[in-house]
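Secondary and tertiary structure notes
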Amino acid sequence: MAKMQIKEKLALLSDAAKYDASCASSGTTKRSSADGTGLGSTEGSGICHAYAPDGRCISLLKILMTNFCIYDCAYCINRVSSQVPRARFTVEEVVHLTTEFYRRNYIEGLFLSSGIIKSPDDTMADMVRIARSLRHDHHFRGYIHLKTIPDASPELIEEAGLLADRLSMNIELPTDAGIKAYAPEKNGDEIRRAMGRVQLRKEAAKERTHTGRRAEKFAPAGQSTQLIVGADGANDATILQSSTRLYSSYKLKRVYYSAFSPIPDSTAALPLIKPPLAREHRLYQADWLLRFYGYQADEIASAATDGMLDLEIDPKLAWALANRASFPVDVNRAGRDMLLRVPGFGTKSVARILSARRNGTLGFGDLKRIGALVNKAKPFIITRDWSPGGLTDAANLRARFAPPPEQLSLL
Amino acid sequence: MIYAPRLPRLGAFEAWRDAARALASNDVPADDIHWAMQGDDAGLFGDGAPLPAPREMMVPAAFVSLARRVCAHRAPGAHDLLYRVLLRCRGNARLLGNRADPQVQQLEAWAKNIRRDMHKMKAFVRFREVTPQEANRRQFISWFEPDHRIEELIAPFFARRFGDMDWVIVTPQITTRCAGGDVSHEAVQSARLDLSDETEELWRTYYANIFNPARLKIKAMQSEMPKKYWKNLPEADLIPGLIAGAEAQMRKMQDDAPSLPPLRAERILDRLPIREGLGDLNACARCPIGAMATQAVGGAGPMGAPLMIVGEQPGDREDLAGMPFVGPAGQLFDTLAAEAGLDRDAAYVTNAVKHFKFTPRGKRRIHQSPHKSEVEACRVWLEREITQVQPVFLLAMGATAAQTLTGDGSALMARRGTVERGREGLPVLITLHPSAILRSEESDRLRALLVQDLRQAARMLEEIRAL
């Protein structure tokens, strides 16, 4: 076989990486190259340098080191039993693409993942070599996200955490039964134990040494994982339960939800479907409620039907409609917890309401200026000059928000 | 008297700030000021009256950063409204926190436009390499058209980011240069530069392949990457083709029959090492606790230890580490054991229940006491440990351990400090669990009691050794 050019490899190995939803480049330590000795900076918020027509942002160079893989995960384009052409980048090629793309301001950094070649340790060692070359040989101070192989040795994960901003391990299937059925070489327990070790190591890096010096930062942008939606039979309640477990146990920064999407060269074990994008969207909304709005997974599930989120209205509105006894909320008196439960109020609106309240009582127009979605909030709030009366308990309230039923068209 | 400050294109914020300070500190009303940029039509007021001498004045810190942004906005009236709010926020620090105030809201909305404009510039500037042959630093150039006058605000970002290269960003009115780390601006009119760079071919390859044709969301793309930016993005002319071909690409994936695995697949799968079994304890499903925990946590210590110390269940730390007694309660226990002269290394430490029981609350796990049935289900593992270690006596810490070791669930504090006969026929010294000290308001008293009991355990240990 003729030697593949870097462009052909890039085409193959980015195509193979697109099923990983994560593209975050935010929340790491502040770094700069203003001293003139290196390349790159990170400053809190991430930057999306482009958007593809699939609506996803492109922030990082997201590629696989290689798409050779000895595992046989049914949902994955790179599984050993797939016929896709294979390729492998050299260390220098990945470093070249990362730094040259970075210099032209195409990307915030590198998200490097890989198929498993030979053994988990061999694979992880090669990925660490790339990160080391970027950081030490090229003084690269941009963002690095390394996909971690759960079974890799602690020494390799240790070095990976010191070089990278974020480490991630994808659980992919929300239940261990799903993992067993569709990713038989993976093991949910193993992945969670590895996440636990990373979390303990992260905490150890926060403590000062006995000389009072700060320990070197370990994966400062935290850990994340991904769950595939719609490949196995797990319902939304199960998925959210799974996320809650991961957030509370391993302090994950993010759980990504990825609608199972057709792959070239599929297996008979998992029939291809149209990716359930609406469902994925509702799960992200529910995830936000878990992380920023103080909801518990079982509360969200209680407003769902048969464990599935309502596709027509968002989960916060669904909860409010199912718990109308808690409304209307008096915007001028309620605490933060309850304001956060008002449909149409985001975390920013709530912070502004609390701050503005100190200048006097708020009316309906004030909320509008503050940036709240007042039409949505209307049935659920009382202000100086507005009371919803019977609207809160009106039988047709849901219909005000849900899209009108589509008329059947004649063919 | 009418004042008409003229703000320069470069340094507009500093000029506004100096003028505003002079005027506001002399209580000049906003209606007497006509703000304009240099080069604007001078209008009715010409140069206006000379500004009064500035006096001391205090403004909230938040105002300065707000003003810096709003000054970059092209909206007519931005400088005027900024001055009006400046007059109002003297002596009223709360004003800026009130987004319900229409003037504050307008300024914040403008500041938001500026933040977005800056963010988009950080995102969509594309550098092209123009390094001459014998240059010792690489050189890059970019053309960009921001909506507002943000060039000075944004330059430090690029200087922090591209430390080891020289760069130029040309906009229709300002050319910003960074050479050897020094940033300079020049107000000069420029026409669009038509540039290219051979690395763009790789970037376009990446862009086309990272796109997933099965998830077309054109509106989402356009709201974040509006068409006005496309003409300067090397990847943007691929977009129409990617959209047009998406449907067919997706249909092809679905229509293609699942393929047969290549021959090597079976060979590779056959050679994979068999994952070691996790052992009975980790696989235990005698009660539901284990399904949520990270791992089972067995005991630790020497086989044949004369003393076995039994706690309640692993906590958050123990669950992550897979080791017993390493969390806050375990550390406290270590301290108290040392104080009591108890040789902890001579003891085997374990828990009545081997998995961590908790309820998730956001980013934390809240400890839950195990049910009686769960403790009972887990007893087989404790009994197995007792059989293997063969201790001479046991120390039960807390009600759960006392219950499982003696079969007696009655009130703990009445029994602590006494030795009871356990189910296995072994003596069981009863005491409280160290976590009770961490949680209690009368922790000093409980601490003393636990130390007292640990001393007793130490004495018992010595007696055994003396035999």
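What you see is a predicted model; the values in this text were computed from it and never measured. (Residues numbered from 1 in each chain as written. Chains lettered and ligands numbered in written order. Predicted model: local features only at pLDDT ≥ 70, side-chain atom pairs only at ≥ 80, totals over all residues.)

Observations concerning the overall build of chain A
Along its length, chain A carries 15 helices and ten strands. Computed over the C-alpha atoms, the radius of gyration of chain A is 24 Å, within 12% of the 22 Å expected from 2.2 N^0.38 for a compact globule of 411 residues. The 411 residues of chain A split such that 53% are buried. Pairs at least 24 apart in sequence give 67% of the contacts found in chain A among residues at least 6 apart. (Helix = DSSP H or I, 4+ residues; strand = E, 2+ residues; numbered from the N terminus. Rg over C-alpha atoms; globule rule 2.2 N^0.38 Å. Buried ≥ 20, exposed ≤ 12 C-beta atoms within 10 Å, placed from the backbone. Contact = placed C-beta atoms within 7 Å.)

What to know about the overall build of chain B
Counting its regular elements, chain B contains 16 helices and 14 strands. The C-alpha atoms of chain B give a radius of gyration of 37 Å, which is well past the 23 Å a tight globule of 467 residues would have. C-alpha atoms of chain B, sized along the principal axes, occupy 105 × 75 × 45 Å. Long-range contacts, defined as pairs at least 24 residues apart, comprise 70% of the intrachain contacts of chain B with a sequence gap of at least 6.

Focus on the domain arrangement of chain A
The domain boundaries assigned to chain A delineate domain 1 (6-223) and domain 2 (324-401). The distance between the C-alpha centroids of domain 1 of chain A and domain 2 of chain A comes to 42 Å. (Domains from an automatic or database assignment.)

Concerning the packing of helix H3 (residues 78-89) of chain B against helix H4 (residues 102-124) of chain B
All names here are of chain B. Contact geometry of H3 with H4 gives a least axis separation of 10 Å together with a crossing angle of 135°. The angle between H3 and H4 places the two elements in the oblique class. Considering only the axes of H3 and H4, their crossing is left-handed. Residue-level contacts link Ala78, Leu81, Leu82, Arg84 and Val85 of H3 to Gln103, Val104, Gln106, Leu107 and Trp110 of H4. When its residues are assigned to classes, the contact of H3 with H4 shows seven nonpolar, two polar and one charged. (Axes fitted to C-alpha atoms, helices over the stretch in contact; angles between N-to-C directions. Parallel < 35°, antiparallel > 145°, perpendicular 65-115°, else oblique. Left-handed = near helix turned anticlockwise from the far one by under 90°. Nonpolar A, V, L, I, M, F, W, Y, C, P; charged D, E, K, R; others polar.)

Examining the interface of chain A and chain B
With 75 residues of chain A at the contact, the number on the chain B side is 72 residues. Here the element with the most residues in the side of chain A that touches chain B is helix H6 (residues 188-206) of chain A; it accounts for six residues.

Some points on the sheet that holds strand E6 (residues 174-179) of chain B
Sheet strands pair by backbone hydrogen bonding; their relative direction is either parallel or antiparallel. Residue and element names in this part refer to chain B. Read across the sheet, five strands follow the order E3-E4-E5-E6-E7 without closing on themselves; strand pairing throughout is mixed. Taken across any chain shown, the strands that pair with only one partner, and hence form the sheet edges, are strand E3 (128-129) and strand E7 (182-187). Pairing analysis gives four bridges linking strand E5 (residues 165-170) to E6, with the strands arranged antiparallel. Each residue of the ladder has a partner; that of Ile169, found in E6, is Thr176. Along the sheet, helix H5 (residues 151-161) makes contact with E5, E6 and E7, crossing E6 at roughly 25°. (Pairing = 2+ DSSP bridges.)

Considerations on the domain arrangement of chain B
Assigned domains of chain B: these are domain 1 (6-121), domain 2 (125-187), domain 3 (200-255) and domain 4 (280-466). When each unit is reduced to the centre of its C-alpha atoms, the spacing between domain 3 of chain B and domain 4 of chain B is 60 Å.

A word on unusual backbone geometry
A cis amide bond links Phe327 of chain A with the next residue in sequence, Pro328 of chain A, at an omega value of 0°. Within the element layout of this structure, Pro328 of chain A appears in the loop between helix H10 (315-322) and strand E9 (329-330). At Asp306 of chain A, a position not held by glycine, the phi torsion is positive, near 50°. Mapped onto the elements, Asp306 of chain A comes out in the loop between helix H9 (297-302) and H10. Taking the number of C-beta atoms within 10 Å as the measure of exposure, Asp306 of chain A has 7 and is therefore exposed. Here Asp27 of chain B, not a glycine, exhibits a phi torsion of approximately 55°, which is positive. Here Asp27 of chain B is to be found in the loop between helix H1 (12-24) and strand E2 (36-37).

Overview of the nonpolar core
In this structure, Leu61, Leu112, Ala131, Ala160 and Ile300 of chain A are the most contacted members of the largest nonpolar core, which totals 172 residues. Excluding residues that lie within four positions of it along the chain, Leu112 of chain A makes contacts with Ile63, Met65, Val94, Met127, Ile130, Leu146 and Lys147 of chain A. If you look at the next biggest cluster of nonpolar residues, it comprises 41 residues, including Phe325, Phe333, Tyr348 and Val349 of chain B. (Core = buried A, V, L, I, M, F, W, Y, C linked by C-beta atoms within 7 Å.)

Section: the packing of helix H2 (residues 91-103) of chain A against helix H3 (residues 120-137) of chain A
Residues and elements named next belong to chain A. Orientation of H2 relative to H3, taken along the N-to-C sense of each, is 50°, at an axis distance of 9 Å. Relative to H3, the element H2 lies oblique. Note on packing geometry: the crossing formed by H2 with H3 is right-handed. Here Val91, Val94, Val95 and Thr98 of H2 come into contact with H3, specifically with Arg129, Ile130, Ser133 and Leu134. Tallied by class, the residues present in the contact of H2 with H3 amount to five nonpolar, two polar and one charged.

Quick look at the sheet that holds strand E7 (residues 223-229) of chain A
All names here are of chain A. Judged by pairing direction, the sheet is parallel, and its six strands sit side by side in the order E3-E4-E5-E6-E7-E8 without closing on themselves. A single partner strand is all that each edge strand has here, and the edge strands are strand E3 (60-64) and strand E8 (254-259). Taken pair by pair, the neighbouring strands of this sheet meet at an average axis angle of 20°, ignoring direction. In this sheet, strand E4 (residues 109-113) lies alongside E3 in parallel orientation, the contact comprising five bridges. Bridge pairing in E4 links Leu61 to Leu110. On top of the sheet, helix H7 (residues 236-250) reaches E7 and E8; it is set at about 170° to E7, its chief contact.

Considering the environment of Gly233 of chain A
Residues and elements named next belong to chain A. Relative to the elements of secondary structure, Gly233 occurs in the loop between E7 and H7. You can call Gly233 exposed: it has 11 C-beta atoms within 10 Å. The spatial distance from the C-alpha of Gly233 to the C-alpha of Pro174 is 9.4 Å, given a sequence separation of 59 residues.

Comments concerning the pairing of E3 of chain A
All names here are of chain A. With five of its five residues buried, E3 lies for the most part within the structure. Where burial is concerned, the two faces of E3 agree: the one with Leu60, Lys62 and Leu64 and the one with Leu61 and Ile63 are both buried. As for the winding sense of the linkage, the β-α-β connection from E3 through H2 to E4 is right-handed. (Right-handed = clockwise from strand over helix to strand, strands pointing away.)

A closer look at the environment of Arg197 of chain A
Residues and elements named next belong to chain A. Note on placement: Arg197 falls in helix H6. Taking the number of C-beta atoms within 10 Å as the measure of exposure, Arg197 has 20 and is therefore buried. Considering only alpha carbons, one finds Arg197 and Lys217, 20 residues apart in sequence, at a separation of 15 Å.

Remarks on helix H14 (residues 399-406) of chain B
Residues and elements named next belong to chain B. Extensive coverage of H14 is indicated by the burial of seven of its eight residues. Along H14, the positions that sit buried rather than exposed are Ala399, Thr400, Ala401, Ala402, Gln403, Thr404 and Leu405. Downstream of H14 by a residue or two, Gly407 has a phi angle that is positive, lying close to 80°.

Comments concerning the environment of Val80 of chain A
Relative to the assigned elements, Val80 of chain A resides in the loop between E3 and H2. With 23 C-beta atoms packed within 10 Å, Val80 of chain A lands in the buried category. Once the C-alpha coordinates of Val80 of chain A and Ile70 of chain A are considered, the two residues, ten residues apart in sequence, prove to be 5.3 Å apart. With near-sequence residues (within four places) excluded, Val80 of chain A lies in contact with Cys69, Ile70, Tyr71 and Asp72 of chain A together with Ala265, Ile268 and Leu269 of chain B.

Quick notes on the confidence of the model for chain B
The predicted structure's coordinates, where accompanied by low pLDDT, should not be read in detail. In this model, chain B carries a mean pLDDT of 93, and residues with pLDDT of at least 70 account for 98%. Scoring the predicted complex yields pTM 0.94 and, for the interface, ipTM 0.94. (pLDDT = per-residue confidence, 0-100.)

Notes on helix H6 (residues 200-210) of chain B
Among the residues of H6 of chain B, those classed as buried are Trp203, Tyr206, Tyr207 and Ile210 of chain B. All buried residues of H6 of chain B project into a common sector of 100° when viewed along the axis, lining one side. (Arc of directions from axis to C-beta.)

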